[in-house]
Protein chains: 2
Amino acid sequence: MAIRQKTSRKAAATAAAIRRPRARATNGGAHAGDDIGLDALVGHAGYAVRRFQLWIFQDFIRTLATVDIRPTQYSVMTVIGANPGLSQMAVAKRLGIERARLVHLLDSLEERDFVSRIPSATDRRSHALHLTARGKTALGQFKRLAAEHERHVAEKIGKDNRERLLQILACFN
Amino acid sequence: MAIRQKTSRKAAATAAAIRRPRARATNGGAHAGDDIGLDALVGHAGYAVRRFQLWIFQDFIRTLATVDIRPTQYSVMTVIGANPGLSQMAVAKRLGIERARLVHLLDSLEERDFVSRIPSATDRRSHALHLTARGKTALGQFKRLAAEHERHVAEKIGKDNRERLLQILACFN
DNA sequence: AAAGATTGTTGTTGACGACAACAATTGATG
DNA sequence: CATCAATTGTTGTCGTCAACAACAATCTTT
């Protein structure tokens, strides 16, 4: 056995090499592998949230693919647009992303002329973040597409369920 | 200006270098930077879910830190424990993770003697995944800790809200 | 003026999702 | 039965992301 493996894959089959395939055979059964039963897995909030998070991000990226904007970039531009002059620390703290990460995010947004770092007049360490004129009009389009994405969410889980979800998770800002 | 930066950071302040700090000054204001106002950001399901996802994973990792088990590892062991003999493809499809990624996950779980890959009797390509005896008892402990984590979630968002959340997200398996 | 904290930056690490390739094997088709 | 397509596990790469650690420049405090 285990002829294929190059060098890795420890001696997994040393002891207990032969075993009966138990109740459910390896696969090939009657079902297409969709009714496996996760038992204790359903009932775990983290698991459900992970799947949802995955779906929702993919839909966001797909919906905003034409403008090439990802969820984090959108959130950064939204916060800056609503609060011009914010420092990087303030934005990072507000969005729950690290200031180290925000540096690269702002780099790309500045390259595309959506955001500009203006040296703060009061603190020579920090930058006052502003949307450029181009960034403002672009954000308008992003918001329309984001609203379309939000409609996709409502279609998926139900309009009222979406409202309820937002209400439940409101405590995370 | 811009003395500190080594070589990067384009000429961001070429035009419109001087600007009034608008309504809200850079920072240093009266507030500690917590009441910034995200306007359009609240009302976005993706944003709320991201924050929640982050919080919940951190709590899971912290709660299971003593046994050094991460959420994905836990989900893999749970599914295998509930459905012994499953192939890697079946587990990957069930959990929505790539089979390429599952390889490494199983490698680590096999190194720790929690899971064993047993060559399938019917399909010489695939492996039948089983928990080892050690893995079974370990999973029992993991589940107790995971239940504790789930209680943390209930404390955070409310017991009934957690139930409602699970019900809303049930459509994502 | 000196000590400590803050801000932006750079770098590294590790988990993770997405993709592409590959060998071994199976299944279906002619 | 021979051949070709599909599947399974594996390896590798790429890009995103969170978490740290370090650093220079700058503020704040004493």
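Residues numbered from 1 in each chain as written. Chains lettered and ligands numbered in written order. Predicted model: local features only at pLDDT ≥ 70, side-chain atom pairs only at ≥ 80, totals over all residues. Heavy atoms only, no water.

**Focus: unusual backbone geometry**
Residue and element names in this part refer to chain B. Look at D68: it is not a glycine, yet its phi comes out positive at around 55°. Within the element layout of this structure, D68 appears in the loop between α1 (45-63) and α2 (71-82). A positive phi angle, close to 60°, is found at D113, a residue other than glycine. Relative to the helices and strands, D113 resides in the loop between α4 (99-111) and β1 (115-119). (Helix = DSSP H or I, 4+ residues; strand = E, 2+ residues; numbered from the N terminus.)

**Quick word on the pairing of strand β2 (residues 127-131) of chain A**
Residues and elements named next belong to chain A. Counted residue by residue, β2 has five buried out of five residues, so it is predominantly covered. Of the two faces of β2, the one carrying H127, L129 and L131 and the one carrying A128 and H130 are both buried. Direction of pairing for strand β1 (residues 115-119) relative to β2: antiparallel, over a ladder of five bridges. Bridged to S116 within β2 is H130. (Buried < 20%, exposed > 50% of the residue type's maximum accessible area, 1.4 Å probe, protein only. Pairing = 2+ DSSP bridges.)

**Brief notes about α2 of chain B**
Residues and elements named next belong to chain B. For α2, built from twelve residues, the straight-helix expectation of 16 Å at 1.5 Å per residue is met to within 8% by its first-to-last C-alpha distance of 16 Å. Of all twelve residues making up α2, nine are buried, and the element is well covered by its neighbours. All of the buried residues along α2 are P71, Q73, Y74, S75, V76, M77, T78, V79 and I80. Along its buried surface, α2 packs onto α1, α3 (88-95), α4, β1, β2 (127-131) and α5 (133-157). (Expected span 1.5 Å × (residues − 1). Contact = heavy atoms within 4.5 Å.)

**Details of the pattern of salt bridges**
Pairs may arise between side chains of opposite charge once their charged atoms sit close together. All names here are of chain A. As enumerated under the stated definition, the model contains 15 salt bridges over all chains in all. The shortest N-O distance in the salt bridge between D107 and R117 comes to 2.2 Å. Of this pair, D107 sits in helix α4 (residues 99-111) while R117 sits in strand β1; the two residues are ten residues apart in sequence, bridging distant segments of the chain. Of the two residues, D107 and R117, both sit in the buried class. Of the charged contacts, one joins D160 and R164 as a salt bridge, the two residues approaching to 3.9 Å between their closest N and O atoms. (Salt bridge = Lys/Arg side-chain N within 4 Å of Asp/Glu carboxyl O.)

**Thoughts on the confidence of the model for chain A**
Averaged over every residue, the pLDDT of chain A is 81; residues scoring 70 or more account for 77%. For residues 1-34 of chain A, every residue scores under 50 in pLDDT, and the model assigns this stretch 37 contacts once sequence neighbours within four places are set aside. (pLDDT = per-residue confidence, 0-100.)

**Details of the packing of aromatic side chains**
Overall, the coordinates contain eight aromatic pairs over all chains when judged by the stated rule. A ring pair is formed by F52 of chain A and F172 of chain B, whose centres lie 5.1 Å apart and whose planes are at 55°; its orientation type is tilted. Of this pair, F52 of chain A sits in helix α1 (residues 45-63) while F172 of chain B sits in the segment after α6 (159-168), placing the two residues on different chains. F172 of chain B carries the same exposure label as F52 of chain A, and that label is buried. (Phe/Tyr/Trp six-rings, centres within 6.5 Å; stacked < 30°, edge-to-face > 60°.)

**Some thoughts on the environment of D59 of chain B**
All names here are of chain B. Checked against the element boundaries, D59 lands in helix α1. In this structure, the C-alpha to C-alpha distance between D59 and E150, residues 91 residues apart in sequence, is 9.3 Å. The residues touching D59, leaving out its near neighbours within four places in the chain, are H149 and H152. In terms of polar contacts, D59 uses its side chain to reach the side chain of H149, at 2.6 Å. (Polar contact = N/O pair within 3.5 Å; in protein donor to acceptor, adjacent residues only side chain to side chain.)

**Some thoughts on the environment of V76 of chain B**
All names here are of chain B. Mapped onto the elements, V76 comes out in helix α2. As for V76 and I97, which are separated by 21 residues in sequence, their C-alpha atoms are 9.8 Å apart. Once residues within four sequence positions are removed from consideration, V76 is found in contact with L95, I97, L102, L105, L106 and L109.

**Notes on the packing of helix α6 (residues 159-168) of chain A against α6 of chain B**
Interhelical geometry of α6 of chain A versus α6 of chain B gives an angle of 140° and a closest axis separation of 10 Å. Here α6 of chain A lies oblique to α6 of chain B, going by the angle between them. For the crossing formed where α6 of chain A meets α6 of chain B, the hand is left-handed. Contact residues: α6 of chain A offers N161, R164, L165 and I168 of chain A, while α6 of chain B offers N161, R164, L165 and I168 of chain B. Residues belonging to the contact of α6 of chain A with α6 of chain B are distributed by class as follows: four nonpolar, two polar and two charged. (Axes fitted to C-alpha atoms, helices over the stretch in contact; angles between N-to-C directions. Parallel < 35°, antiparallel > 145°, perpendicular 65-115°, else oblique. Left-handed = near helix turned anticlockwise from the far one by under 90°. Nonpolar A, V, L, I, M, F, W, Y, C, P; charged D, E, K, R; others polar.)

**Looking at helix α5 (residues 133-157) of chain A**
Along an α-helix, residues three or four apart share an orientation, since each turn contains 3.6 residues. With 25 residues, α5 of chain A should reach 36 Å at 1.5 Å per residue; the first-to-last C-alpha distance of 36 Å fits that figure. Listing the buried residues of α5 of chain A in full gives G135, A138, L139, F142, L145, A146, H149, E150, V153, A154 and I157 of chain A. Residues of α5 of chain A that are buried sit in contact with α1, α2 (71-82), β2 and α6 of chain A together with α1 and α6 of chain B. Of the residues trailing α5 of chain A, G158 of chain A is marked for its positive phi of about 100°.

**Quick look at the environment of C171 of chain A**
Its place among the elements puts C171 of chain A in the segment after α6. What makes C171 of chain A partly exposed here is its relative accessible area of 39%. Setting aside its immediate chain neighbours within four residues, C171 of chain A contacts K156 and I157 of chain B.

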